[in-house]
Amino acid sequence: MTWQDQLQKGKFRDAEFYTASSDGSIGRRTEVHKYPLRDKPFVEDLGRREREFSLEVYVLGQDYMAARDRLIEAVEKPGPGPLVHHWLGAMDVSVTDCRITESTDRGGFCTFSITFVEAGENTYPAGPADTRIAVDGAADLAIEMEW
């Protein structure tokens, strides 16, 4: 199977588009610690970096304005959404930036420069448990039961 056979049609939420190019940032999150009187720093590994992708996409045709408006609506909708990346496949992402370009020289054609970052879950930091409320609730329940 060739690489062309593995390409997928680009889509964000319900808005389809054609992909001209893609670039991204990947790697590790690090903190460089520099110490006096040492020639080499210590690099602390903080985990995998968030994946960020910038796509150059376009819509075209006699009714390109409807496709353009669907993509604008998808980009402006709050929260993360599903992206079908032309080369990387399906993933959940959030839009961090978008630029749109139209020109009378290229009628029926509109380009978007969209930056996506992979969407994660807000699991940390978690607030501490309020033990006072838990104890008060248990005490109220014990009083109500009247042993």
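This text follows the structure it describes.
Residues numbered from 1 in each chain as written. Predicted model: local features only at pLDDT ≥ 70, side-chain atom pairs only at ≥ 80, totals over all residues. Heavy atoms only, no water.

**Side note on the overall build of the protein chain**
The criterion, for reference: In DSSP terms, a helix is any run of H or I states spanning at least four residues, a strand is any run of E spanning at least two, and both are numbered starting from the N terminus. Here the Shrake-Rupley method, with its probe set to 1.4 Å, supplies the accessible areas, and only the displayed protein chains count as covering residues. A positive count includes Lys and Arg, and a negative count includes Asp and Glu. His and the chain ends are not counted in either. Charged groups are reduced to one reference atom each: NZ for lysine, CZ for arginine, CG for aspartic acid, CD for glutamic acid.
For the protein chain, the helix and strand inventory stands at two helices and eight strands. Secondary structure elements in the protein chain, listed N-terminal to C-terminal, are β-β-β-β-β-α-β-β-β-α. If one aligns the C-alpha atoms of the protein chain with their principal axes, the spans along those axes are about 80 × 60 × 35 Å. For the protein chain, the computed accessible surface area is about 11200 Å², with 51% contributed by carbon and sulfur atoms. Mean positive and mean negative side-chain charge positions of the protein chain (17 and 26 charges, respectively) differ by 8 Å.

**Brief notes about the pattern of salt bridges**
Here is the rule we go by: We define a salt bridge as a side-chain nitrogen of Lys or Arg found within 4 Å of a carboxyl oxygen belonging to Asp or Glu. Remark: exposure states derive from per-residue accessible area (1.4 Å probe, protein chains only) relative to the maximum for the residue type, with buried under 20%, exposed over 50%, and partly exposed in between.
In total, this model carries five salt bridges according to the counting rule given. Across the pair R68 and D69 runs a salt bridge whose closest N-O atoms are separated by 3.0 Å. Under the relative-accessibility criterion, D69 is labelled partly exposed at 39%. Put simply, D136 and R132 hold a salt bridge, and the shortest N to O gap is 4.0 Å. Note that D136 and R132 are positioned in helix α2 (residues 131-145) at a spacing of four residues, about one turn of the helix. When its relative accessible area of 58% is taken as the criterion, R132 is described as exposed. Among the charged side chains, a network of salt bridges with common partners joins R68, D69 and E102.

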